[in-house]
Amino acid sequence: MNLYAMIWPCVYSFFASLAFSFTFNLRGANMFYAALGGALSWFVYLLFAGCFSSDIPQYFLSMVAVSIYSEYMARRHKSPVTVYLVISYIPLVPGGGAYYTMEYLVEGNSALAAETGVHTLFIAGAIAMGIVLVSSLVRIYTVYIRRRLKARGITRC
Amino acid sequence: MKEILAASTTLGYDILRHGAETYRVEECITRICRAYGYPNTDVFVIPSSIVVTITDGDGSYLTRTRRVLRRDTDLDKVDKLNALSREVCANRPGYDEVMARLQEIEQGPVYSPRMQMFGYGMISAFFTLFYQGGLLDASAAFVLGVLLKWVIDKLAKFEASSFFINIVGGAFTACSCYLAVKAGFAHNQDKMIIGMLMNLVPGIALTNAMREFIAADLISGMIKFAEALITSIGIAIGVVVSLAIFTPFLEVLFG
């Protein structure tokens, strides 16, 4: 995949994510960081294009990248992870698949509808797996750090 | 004791109402109470209610309940309340100061309805482009996105249920995109519909539900998952009904 073809979708996802700040009342510099996460999510998705036989692993890897980015940003700015995560992963939401499932259903093409519907569900599952993996690992890491600090006699509020 | 309970519960109530996760609310309240010298605190939080009981050293206890009726997603306030909760734990300010700060955050800025309409338009336009629609489709989607937000606001003013709002939103999206293409303002009906539906999809509820499940808050997770499911069903009903009935009807009407 050439670079030029990769840039435009990332730009679109950046601005689309930025516009979601108006819906979720996000202000200031956080708007930029959350939108950057949105661009990152699609960049990672495109980066792995063609590496796998289906696009589901792409969604999974992209979600892992976005979750790590959000966790990092949350720690850096001392803000809740939700602030970044909720907006950053929006480009991955399988809106297209959901719509075409409905369209095929209306057209009476149940075979295609079932195929698209299951594929959409798998994408949603892959995204959920991505969050589960990163959040769980981060929780373990946080407890580990807290224990080490406690052993050294430092307690945090 | 009463003041600490009131302050911590109000902070928890505010942060929960603006879309924080269950474990964050519970942690906030527990930590504030501990910072003021009440280590034995029982907190129970679900998305629609908070119950806090704090116990004194000599065994007397006090309970407070708050019912959360209306929730929204206000990430700016979640961020600020989270920062306030850290600060309260660290510096232990007096009751009046905490309450004043809470009120200050609660009255903080929100985007005006006009800005939110603009946001809907931008989301519609850029997602239309993102799904490989043309520039013409994107500009039409911008206008229709603004109108979509206007319709939703009007319905919300009449206190329509969110399920009904989603049905109408889905139907409005499908019908208006069909009409726009039919009138020659745009070319790709499907790309526009997908772009506009991104405004309505319950992405946030689904991620939050997953995060609740990881944090082992199963009740909250179930509630948010059901919320996401009902929202998607509402949108699907709106879109499918208008694609199946309204569009063919007009097709026959105009030939």
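**Student:** Help me out: how do you make sense of the overall build of chain B in this one?
**Tutor:** Scanning chain B from N- to C-terminus turns up 10 helices and 3 strands. Counting from the amino terminus, chain B carries its helices and strands in the arrangement α-α-β-β-β-α-α-α-α-α-α-α-α. Since a compact globule built from 255 residues should have a radius of gyration of about 18 Å, the 23 Å found for chain B marks it as more spread out than a globular shape. Dimensions of chain B along its principal axes, counting C-alpha atoms only, are 85 × 30 × 30 Å. Among the 255 residues that make up chain B, the fraction classed as buried is 51%. When the accessible surface of chain B is summed, it comes to about 12,000 Å², and 62% of that surface belongs to carbon and sulfur atoms. Positive and negative side-chain charges of chain B, numbering 23 and 25 respectively, have mean locations separated by a distance of 3 Å.

**Student:** Help me understand the domain arrangement of chain B in this model?
**Tutor:** Accessible area lost during the coming together of the parts is what is often quoted as the interface size. Residues and elements named next belong to chain B. Assigned domains of chain B: these are domain 1 (2–106) and domain 2 (113–254). Computed from C-alpha coordinates alone, the two centres of domain 1 and domain 2 are separated by 35 Å. Listed per partner, the contact involves 12 residues of domain 1 and 11 residues of domain 2. Surface buried jointly by domain 1 and domain 2 totals about 860 Å² across both partners, of which 52% is contributed by carbon and sulfur atoms. Considering only the surface of domain 1 that becomes buried against domain 2, E21, P47 and R71 emerge as the three largest contributors, covering 41% of it. A salt bridge links E21 to R211, with the shortest nitrogen-to-oxygen separation between them at 2.9 Å. At the boundary of domain 1 with domain 2, the tally comes to 5 residue pairs in polar contact (both at pLDDT 80 or more).

**Student:** Just checking my understanding: could you explain the pairing of strand 3 (residues 61–67) of chain B for this structure?
**Tutor:** Remember that side chains alternate between the two faces of the sheet whenever the strand is regular. Taken together, the 7 bridges between strand 2 (residues 49–55) of chain B and strand 3 of chain B define a ladder with antiparallel strand orientation. Residue pairing across strands places S49 of chain B opposite R67 of chain B, the latter belonging to strand 3 of chain B.

**Student:** Honestly, the nonpolar core in this entry has me stumped. Any pointers?
**Tutor:** Ranked by internal contacts, the top residues of the largest apolar core, which has 75 residues, are F24, Y59 and I87 of chain A together with F127, M192 and V239 of chain B. If we skip the residues at most four places from it in the chain, I87 of chain A touches S17, F20, S21, F24, L26 and A34 of chain A together with L75 of chain B. Formed by 29 residues, the second largest nonpolar core is a distinct cluster that contains L5, A20, C28 and I54 of chain B.

**Student:** Looking at this structure, I do not really get the interface of chain B and chain A. What am I missing?
**Tutor:** Of the residues lining the interface, 51 residues belong to chain B; the matching set on chain A comes to 46 residues. Taken over both partners, the interface formed by chain B and chain A buries close to 4,400 Å², and the fraction arising from carbon and sulfur atoms is 72%. Interface area lost by chain B to chain A is led by L75, Y111 and F130 of chain B, which between them contribute 17%. Counting residues per element, the ones that place at least two in the side of chain B that touches chain A are helix 2 (22–35), helix 3 (75–91), helix 5 (113–130), helix 8 (189–197), helix 9 (203–214) and helix 10 (218–254) of chain B. At 11 residues, the largest contribution of residues to the side of chain B that touches chain A is made by helix 5 of chain B.

Thresholds applied
Residues numbered from 1 in each chain as written. Chains lettered and ligands numbered in written order. Predicted model: local features only at pLDDT ≥ 70, side-chain atom pairs only at ≥ 80, totals over all residues. Heavy atoms only, no water. Helix = DSSP H or I, 4+ residues; strand = E, 2+ residues; numbered from the N terminus. Rg over C-alpha atoms; globule rule 2.2 N^0.38 Å. Buried < 20%, exposed > 50% of the residue type's maximum accessible area, 1.4 Å probe, protein only. Areas by Shrake-Rupley, 256 points an atom, 1.4 Å probe, with all protein chains shown as cover. Lys, Arg positive; Asp, Glu negative; His and termini not counted. Charge placed at Lys NZ, Arg CZ, Asp CG, Glu CD. Domains from an automatic or database assignment. Contact = heavy atoms within 4.5 Å. Buried area = accessible area lost by both parts, 1.4 Å probe. Salt bridge = Lys/Arg side-chain N within 4 Å of Asp/Glu carboxyl O. Polar contact = N/O pair within 3.5 Å; in protein donor to acceptor, adjacent residues only side chain to side chain. Pairing = 2+ DSSP bridges. Core = buried A, V, L, I, M, F, W, Y, C linked by side-chain atoms within 4.5 Å.

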